[in-house]
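For reference, the chains in residue letters:
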Amino acid sequence: MAEEIESIEKVLESHIPEEKLKEVHRVLFGSAAKKLEIPVEVSDLASKNDFEVKAYQMGAGREQLRPPRVVRVGLVQNRIVLPTTAPVQEQRDALHQRIGQIVEAAYHAKVNIICFQETWTIPFAFCTREKLPWVELAESAEDGPTVVLCQEWAKKYNMVIVSPILERDSSKGDILQNTAVVISNTGKVLGKSSKNHIPRVGDFNESTYYFEGSTGHRVFETQFGRIAINICYGRHHPLNWHMYGMNGAEIVFNPSATVGALSEPLWGIEARNAAIANTYFTAAINRVGTETFPNAFTSGDGKPEHKDFGHFYGSSYVAAPDGSRTPGLSRTRDGLLVTELDLNLIRQIRDKWCFQMTGRYDMYARELTEATSPGFQPNLIKET
């Protein structure tokens with residue numbers, strides 16, 4: 001198997017003359033996100049613990065009557081620490097320790113809101129369709145060990161934490177859910193948001209474990225802004241993104257676990273397009289590495305049995321409502337992406353493009369209601 005490239009940005013830098021590279025970046029990424037200086041403490045932690053750090057700034061025009069609304073978000077991508085054959089408690093403990101190192105660096109980088117990748121405390125074992133031992137790592141979204149740990153971090157570092165986990169919901173007969181828990185910088189659990197859309201494609205056998213969530217499109221009011229969580233496969237559904245905006249989201253996180261063979265050509269488009277169409281900031285996070293499981297599996301797609309899902313390609317990035325985006329993190333390394341946002345940009349772009357004013361939501365609401373009603377006939381005109 002060919003060695004994975006580190007990132008598209010690195011390939012461009014290696015092959016395009018410096019005098020042309022700036023224009024290539026403008027065409028691909030929009031107006032350039034300014035690099036932020038990375039504090040020495042952060043660089044030292046990243047070097048000591050072997051993870052990448054990138055930091056950018058996405059500003060807004062200066063206003064006379066409103067001060068800037070500046071917030072720093074941190075995105076964390078990582079590979080599993082121990083092999084999937086290790087005892088599951090040890091696997092989770094190792095991931096807790098690993099992410100703790102990156103959260104400490106985020107604190108020194110003055111991050112206000114941090115988001116981890118989808119089901120960050122476990123291997124993405126849903127491809128196997130095996131229940132044990134993986135479901136043992138499901139936990140309460142109210143007082144499970146991961147939530148308790150994140151509460152400690154949130155309070156210690158004055159940081160809002162978005163922690164996507166495999167939830168065991170005791171209020172609904174101990175069912176499993178793919179859920180993101182939102183923890184305030186005070187250490188209090190603000191609430192949870194479940195995955196709205198579940199894939200049924202290739203090795204994504206998640207419906208063997210859980211179905212679509214019932215929390216709808218919750219938006220969480222935090223000290224640093226209004227945030228929402230569109231988990232993984234939900235990014236393929238434009239209406240999903242849209243409803244978070246209708247509920248007032250200013251930053252929508254997309255914690256994911258997706259592999260190159262399936263989705264990589266879509267990755268840099270979907271969250272960025274959502275930022276444009278809904279005039280808010282988006283933050284796309286993907287895990288890294290190849291996870292190999294003890295037993296071979298198939299997925300009814302005609303492919304030979306295999307023991308890994310494929311390469312999780314990282315490449316986490318932030319997109320702004322003006323269509324610009326940061327460069328991505330590595331395709332191969334653990335990393336922390338710090339991005340300073342001025343939320344004033346949201347209203348400035350809404351005033352410029354008027355998407356909300358011209359949206360015709362009443363028309364779509366009426367037609368969607370009709371389209372989901374029994375006896376619906378498409379408004380299709382044919383030649384007679």
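This one's a predicted model, so the numbers in the text were calculated from it and none came from an experiment.

K.L.:
Run through the packing of helix α1 (residues 8–15) against helix α2 (residues 18–29), naming residues and quoting values.
P.N.:
For any two helices packed against each other, the geometry comes down to the angle between their axes and how far apart the axes lie. The contact between α1 and α2 brings their axes to 10 Å, and the two run at 150°. Relative to α2, α1 is oriented roughly antiparallel. Two packed elements cross with a definite hand, and for α1 against α2 that hand is right-handed. Here α1 contributes E9, L12 and E13 to the contact with α2, which in turn contributes L21, V24, H25, L28 and F29.

K.L.:
Got a sec to walk through the sheet that holds strand β11 (residues 281–286)? Specific residues and values, please.
P.N.:
A sheet is described by the order of its strands in space; here five strands give the open sequence β8-β9-β10-β11-β14, paired in mixed fashion. Edge positions in the sheet fall to β8 (220–222) and β14 (317–319), since each has one partner strand and no second. Neighbouring strand axes in the sheet, compared pairwise and without regard to direction, differ in orientation by 25° on average. Bridge count between β8 and strand β9 (residues 225–229): three bridges; the pairing is antiparallel. Its bridge partner lying in β9, E221 is registered against R226.

K.L.:
Give me the packing of aromatic side chains: which residues, what numbers.
P.N.:
Under the criterion given, the structure shown has 16 aromatic pairs. Seen from their ring centres, W267 and Y317 are 6.2 Å apart, and the 85° between their planes marks the pair as edge-to-face. Of this pair, W267 sits in helix α7 (residues 260–278) while Y317 sits in strand β14; the two residues are 50 residues apart in sequence, bridging distant segments of the chain. A residue is classified by how much of its surface remains accessible, and W267, at 4% relative accessible area, is buried. On the accessibility criterion, Y317 (0% relative accessible area) is buried. Lying across the ring of Y209, K131 places its NZ or CZ 5.7 Å from the centre. Here R325 stacks its cationic end above the ring of Y317, 4.0 Å away from the centre of that ring.

K.L.:
Go over helix α3 (residues 40–49) with me, naming the residues and quoting the values.
P.N.:
Burial in α3 covers these residues: V42, L45, A46 and N49. Axial view of α3: buried residues confined to an arc of 100°, hence all on one face. Along α3, the residues that are exposed and aim more than 90 degrees away from the buried face are V40, S47 and K48. Within two residues after α3, D50 carries a phi angle of roughly 60°, on the positive side.

K.L.:
Could you give an account of the pattern of salt bridges, with specific residues and numbers?
P.N.:
Pairing between side chains becomes possible if they bear opposite charge and their charged atoms approach one another. Applying the stated rule across the entire model yields 20 salt bridges. Note that E9 and R325 form a salt bridge whose closest N and O atoms lie 3.9 Å from each other. Residue E9 is found in helix α1, and its partner R325 is found in the loop between β14 and β15 (335–342); the two are separated by 316 residues along the sequence. By the burial criterion, E9 is buried, and R325 matches it.

K.L.:
Which residues make up empty space enclosed by the protein, and what are the values?
P.N.:
As enumerated under the stated definition, the model contains one cavity of 30 Å³ or more in all. In this structure, the largest cavity occupies an estimated 40 Å³ of space. Lining the largest cavity are E37, I38, P39, V42, V53, A55, R72, A109 and V338.

K.L.:
Any details on the packing of helix α4 (residues 88–108) against helix α5 (residues 145–157)? Residues and values, ideally.
P.N.:
Direction vectors running N to C along α4 and α5 enclose 15°, while the axes themselves pass 11 Å from each other. Relative to α5, the element α4 lies roughly parallel. Seen from above, α4 lies across α5 with right-handed handedness. Taken together, the residues of α5 that come into contact with α4 (itself represented by R92, H96, I99, G100, V103, E104 and Y107) are P145, T146, L149, W153 and Y157. Its residues assigned to classes, the contact of α4 with α5 comprises seven nonpolar, three polar and two charged.

K.L.:
Describe the environment of T332, and please don't skip the residues or the numbers.
P.N.:
Residue placement: T332 occurs in the loop between β14 and β15. When the C-alpha positions of T332 and Y313 are compared, they lie 6.4 Å apart, and in sequence the two are 19 residues distant. Not counting residues up to four positions away in its chain, the partners in contact with T332 are E4, I5, E6, R79, V288 and H311.

K.L.:
Describe in detail the side chain of R98, supporting the description with residues and values.
P.N.:
Tracing the chain through its elements places R98 in helix α4. Accessibility expressed as a relative area gives 12% for R98, which makes it buried. In this structure the side chain of R98 is engaged in a polar contact, spanning 3.0 Å, whose partner is the side chain of Q101. If we ignore the near neighbours within four places in the chain, the residues touching R98 are N49, D50, F51, V81 and D334.

K.L.:
Run through the sheet that holds β15, naming residues and quoting values.
P.N.:
Judged by pairing direction, the sheet is mixed, and its eight strands sit side by side in the order β1-β2-β15-β3-β4-β5-β6-β7 without closing on themselves. Both outer strands of the open sheet, β1 (34–35) and β7 (189–194), are each paired with one neighbouring strand and no more. Pairing geometry for strand β2 (residues 52–58) and β15, over seven bridges, is parallel. By the bridge assignment, Y56 is partnered in β15 with T339.

Parameters and conventions
- Residues numbered from 1 in each chain as written.
- Predicted model: local features only at pLDDT ≥ 70, side-chain atom pairs only at ≥ 80, totals over all residues.
- Heavy atoms only, no water.
- Axes fitted to C-alpha atoms, helices over the stretch in contact; angles between N-to-C directions.
- Helix = DSSP H or I, 4+ residues; strand = E, 2+ residues; numbered from the N terminus.
- Parallel < 35°, antiparallel > 145°, perpendicular 65-115°, else oblique.
- Left-handed = near helix turned anticlockwise from the far one by under 90°.
- Contact = heavy atoms within 4.5 Å.
- Pairing = 2+ DSSP bridges.
- Phe/Tyr/Trp six-rings, centres within 6.5 Å; stacked < 30°, edge-to-face > 60°.
- Buried < 20%, exposed > 50% of the residue type's maximum accessible area, 1.4 Å probe, protein only.
- Lys NZ or Arg CZ within 6 Å of the ring centre and 35° of its normal.
- Arc of directions from axis to C-beta.
- Salt bridge = Lys/Arg side-chain N within 4 Å of Asp/Glu carboxyl O.
- 1 Å grid on protein atoms, 1.4 Å probe; cavity = no way out; pocket = protein on both sides within 12 Å on 5 of 7 lines; lining within 4 Å.
- Points joined across faces, edges and corners; volume = space filled by probe spheres on them.
- Nonpolar A, V, L, I, M, F, W, Y, C, P; charged D, E, K, R; others polar.
- Polar contact = N/O pair within 3.5 Å; in protein donor to acceptor, adjacent residues only side chain to side chain.

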